[in-house]
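Structural characterization, general
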Amino acid sequence: MRVSTALFSAGLAADGRPCDVSPGKDQPWCDTSKSLDERVADLVSRIPEKDVVGLFANGASGVPELNIPAYQWWSEALHGVGKSPGVTFSGKTPSATSFPQVITTASSFNTTLFRAIGSAISTEARAFNNQGHAGNTFWTPNINIYRDPRWGRGQETPGEDPVLNGEYAANFVPGMQEGEDTNYIKSSACLKHFAAYSLENYQGMDRHHFDAEVSQQDLEDTYFPAFKAGIQKGNASGLMCSYNAVNGVPSCANTGLLNGLARKEWGFDGYITSDCGAVEDVFSNHKYDPSAEHVVSDVLEAGMDSDCGSFLDKHMQDAITAGVVKKDDFDAALTNMFRVRMRLGHFDPADSQPYLKYGVDKINTQEHQELALEAARQGIVLLKNNGALPLDAGKVKKIAVIGPHGNATTTMQGNYQGVAPYLVSPAEGLGKFAEISVQHGCDVDSKDTSGIAAAADAAADADVTVLFVGIDQSQEREGHDRSNITLPGVQYELIDAVAAKAKGAVILVVLSGGAVDLSAAKGDSRIASILWAGYPGQSGGQAIAEIVFGAVNPSGKLTQTWYPTSYLTQCSFFDMNMRSNTTTGCPGRTHRFYTGPATFKFGDGMSYTTFHHEILSSVQLVRGEDVQAMLGSAQRQSVVAMVRATVSNTGKHDGSVVSMLMVKPPTQENGAPVQQLRAFKRTALKAGESRDLEFEVTAEDLSFAHPNGFLTTVAGKWVVDIEGATADIDVGSALQIV
């Protein structure tokens, strides 16, 4: 349901803010000298029973007696204020800065960038809200693990690694929520989708019916860590329970996940919304409880607060009347929801809140435009280069821009996008550097080959050919998984024909969220260079052109493994296990557990310069008993060793380098990973410059999840690897737990 009255989105009543007018201004819940808990408790106690049910939908009704207006909880802002029921693109808010899709931004491995984008989005969100064109609760970020390349929504996530996804959440969320006024949240961020969600609709099984069977080991070290980081480090004020069940229990009815793990163990302070229609799924698709009234009780007792959908609106009153749902049950949920709304400043006088003064001049500012461009620059990944790149603008006079994405505009946004103020296509970007000849060649997914000959002829007439291929939202999106990872349509035929006739170097540029099979292009000497641009946002074409011509030195690193096509026959999409399995034949998932060949690896990414890493630390000894004791207590983040290193730019170009600290256990017994990303740093270096790096190694870094789900360590030499430079940490006399 969409709330149409613009003032309602801003938390205003027709005759003033709730605490500006009677009766609120004279009641304790409007007394800002009282504690937040006191204020919320007083407010909840004053809500008439007749108004209770209407407050539980995403399009929540108001409380007329208290001048509290209706509120739309559902606004989107994955990589910019996005299209959603709570957001209106019209009038004074026709557009919002469209940053690169998350999978592209994350490839920068730049936590400062993650936070800056969150802050910029939040600022624009407040400006939208002040026009009545958005709420203040935004359902972002998506930090699920990109466990399989077929998943249609992997593009929305930072990637396949739990540490990277956790660092994204730990920085993007404060960017969204924190600002100049420490008394209020600027915009509420909501971590989604909790938990073990990574399937849309595949071979007859959809997300509304899927029961994710996940071991305690995989939950502990793969599916939970990013959410824990988003809660404990990022202080997220929202959490979304997912459509799927986890080990037989629907996520939104899972007390162990919501009230147990998130709230009690991790300390989550915020509201929990269902994904849209997920409560209906508990009843109709998972068939968890045959009684609709009991399903209402199930989800509220589990810890869900708000129903994105209509199930509670239809059945909650009957559940209350029948005594199935008690006042304590719904008061707890109301408390969680109104606590967040008070933290957002919905009811307090406007003169005490600087965020309410944000005007539309804060939308699509020059600073935000530059930030979107810089994110694209940092996220684009150079995967192959035989020396053709960067191009020399003084020598290259004519470029053939070929392929289905040569004139891409909205495709560069990916999904969960808003209305961009402008979109710089690849052709437009390259046209600023040289004369261009544009040939479409073929569509993304079509059998029509009629344009291939003209494309090949254009390549034969140009100094250089830049060939844009890939996929789009017709291939990967919410509700739609891929059945394979090959380039669709006749794109391989286009690549071959163009490469055969091209006069000059052929540069292959891929637009996609997920991996595509480029094994042939990687090994084809006719393809000089390969760039992966992801979905690079409103300035994507400019960023691509700057990298192609060397105005920007590429520095992005892949956040996902690019498997060979054969991988899809080895690992069932329905198999949630991360470890390799000799029974099923699956060689494992992600860089942490995959034991097979990869076309491109997690962390791959080249530069126009060269870097050298050297670890200065000698072998360090750590007592295993101490590590094990820390793992079983609140001291798992205690530092047990330091790794000191230097990184040097040994080439001729200035550039930025991502230094990843990988830790490799001495054994793969008991499901220990092949390697684990434990930390990363991004450093800008001028040609010839060196910089010292220092990494703290914690007890948790020298551990892995035991099959029973707890963290353990093991005796032996743990290898620390920083971009090929290695050293040992000797864990001695470790408590052996099997």
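Cut-offs applied
- Residues numbered from 1 in each chain as written.
- Predicted model: local features only at pLDDT ≥ 70, side-chain atom pairs only at ≥ 80, totals over all residues.
- Heavy atoms only, no water.
- Pairing = 2+ DSSP bridges.
- Helix = DSSP H or I, 4+ residues; strand = E, 2+ residues; numbered from the N terminus.
- Axes fitted to C-alpha atoms, helices over the stretch in contact; angles between N-to-C directions.
- Disulfide = S-S within 2.5 Å.
- Phe/Tyr/Trp six-rings, centres within 6.5 Å; stacked < 30°, edge-to-face > 60°.
- Buried < 20%, exposed > 50% of the residue type's maximum accessible area, 1.4 Å probe, protein only.
- Expected span 1.5 Å × (residues − 1).
- Core = buried A, V, L, I, M, F, W, Y, C linked by side-chain atoms within 4.5 Å.
- pLDDT = per-residue confidence, 0-100.
- Contact = heavy atoms within 4.5 Å.
- Salt bridge = Lys/Arg side-chain N within 4 Å of Asp/Glu carboxyl O.
- Right-handed = clockwise from strand over helix to strand, strands pointing away.

Points about the sheet that holds strand β18 (residues 611-615)
- Pairing is antiparallel across the open sheet formed by 3 strands, whose spatial order is β18-β20-β23. The open sheet has two edge strands, β18 and β23 (690-698), and neither has a second partner. Direction aside, the axes of adjacent strands within the sheet are offset by 25 degrees on average.
- Inspection of the sheet shows β18 paired to strand β20 (residues 639-649) by 5 bridges, in the antiparallel sense. Counted as the bridge partner of I615 is A645 from β20.

Here's the deal with the state of the cysteines
- Enumeration according to the criterion identifies 4 disulfides in this entry.
- Sulfur-sulfur distance for the disulfide between C19 and C30 comes to 2.0 Å. Measuring handedness by torsion sign, the sulfur bridge of C19 and C30 sits at about -75 degrees and is left-handed. Of this pair, C19 sits in the loop between α1 (6-9) and α2 (36-45) while C30 sits in the loop between α1 and α2, and the two are 11 residues apart along the sequence.

Comments concerning the packing of aromatic side chains
- Under the defined criterion, the tally for this structure stands at 26 aromatic pairs.
- Aromatic pair F109 and F680: ring centres 5.2 Å apart, planes at 85 degrees, arrangement edge-to-face. Separated by 571 residues along the polypeptide, F109 in the loop between α4 (102-106) and α5 (111-130) and F680 in strand β22 (residues 676-685) bring together distant segments of the chain.
- With 5.9 Å between their ring centres and 80 degrees between their planes, F224 and W266 make a pair best called edge-to-face. Of this pair, F224 sits in the loop between α7 (216-223) and α8 (225-232) while W266 sits in the loop between α9 (256-265) and β11 (271-274); the two residues are 42 residues apart in sequence, bridging distant segments of the chain.

Considerations on the pairing of β22
- Of all 10 residues in β22, 7 are buried; the element is thus mostly enclosed.
- Bridge count between strand β21 (residues 655-664) and β22: 9 bridges; the pairing is antiparallel. What sits directly across from V658, in β22, is R682.

Describing α5
- Look at α5: 29 Å from first C-alpha to last across 20 residues, which is about the 28 Å you get at 1.5 Å a residue.
- Counting buried residues along α5, 14 of its 20 residues qualify, which places the element largely inside the surrounding structure.
- Trailing α5 by a residue or two, G132 shows a phi angle of about 75 degrees, which is positive.

Section: the nonpolar core
- Formed by 157 residues in total, the largest nonpolar core has its most connected members in F56, F194, L312, M316 and L334.
- With 8 residues, α5 is the largest single contributor of residues to this core.
- Ranked by size, the runner-up nonpolar core spans 32 residues in total, among them A408, L430, L531 and V548.

Thoughts on the confidence of the model for the protein chain
- Looking at the protein chain as a whole, its pLDDT mean stands at 95, while 97% of the residues score no less than 70.
- The weakest mean pLDDT in the protein chain belongs to α1 at 38; the strongest belongs to strand β8 (residues 238-241) at 99.
- Contacts from residues 1-15, a stretch scored under 50 in pLDDT, to residues over four places away or in other chains number 37 contacts.
- Low pLDDT, under 50, characterises residues 734-738; the predicted model gives this stretch 16 contacts beyond four residues in sequence or across chains.

Points about the sheet that holds β22
- The 5 strands are arranged β19-β27-β26-β21-β22 in an open sheet whose pairing can be described as mixed. Strands with a single pairing partner mark the edges of an open sheet, and in this sheet they are β19 (620-623) and β22. Sheet twist, expressed as the mean angle between neighbouring strand axes with direction ignored, is 20 degrees.
- Strands in contact with helix α22 (residues 624-631) are β19 and β27 (725-732); relative to β19, the strand with the most contacts, it is inclined by about 55 degrees.

Description of the pattern of salt bridges
- All chains considered together, the criterion is met by 35 salt bridges.
- E694 is paired through a salt bridge with R644; the nearest N and O atoms lie 3.0 Å apart. With a gap of 50 residues between them, E694 in strand β23 and R644 in strand β20 connect regions that are remote in the sequence.
- In this structure, a network of salt bridges that share partners links the residues R153, E156, E200, R207 and E478.

Comments concerning the pairing of strand β16 (residues 505-511)
- The element β16 is extensively covered by neighbouring structure, given that 6 of its 7 residues are classed as buried.
- Where strand β15 (residues 464-470) meets β16, 7 bridges bridge the pair, whose relative direction is parallel. Directly across from L467, in β16, lies its bridge partner L508.
- Read as a crossover between parallel neighbours, the route from β15 over helix α17 (residues 491-501) to β16 is right-handed.
- In the sheet, β16 pairs with strand β17 (residues 527-532) via 5 bridges, with the strands oriented parallel. Opposite I507, over in β17, you have S529 as the bridge partner.

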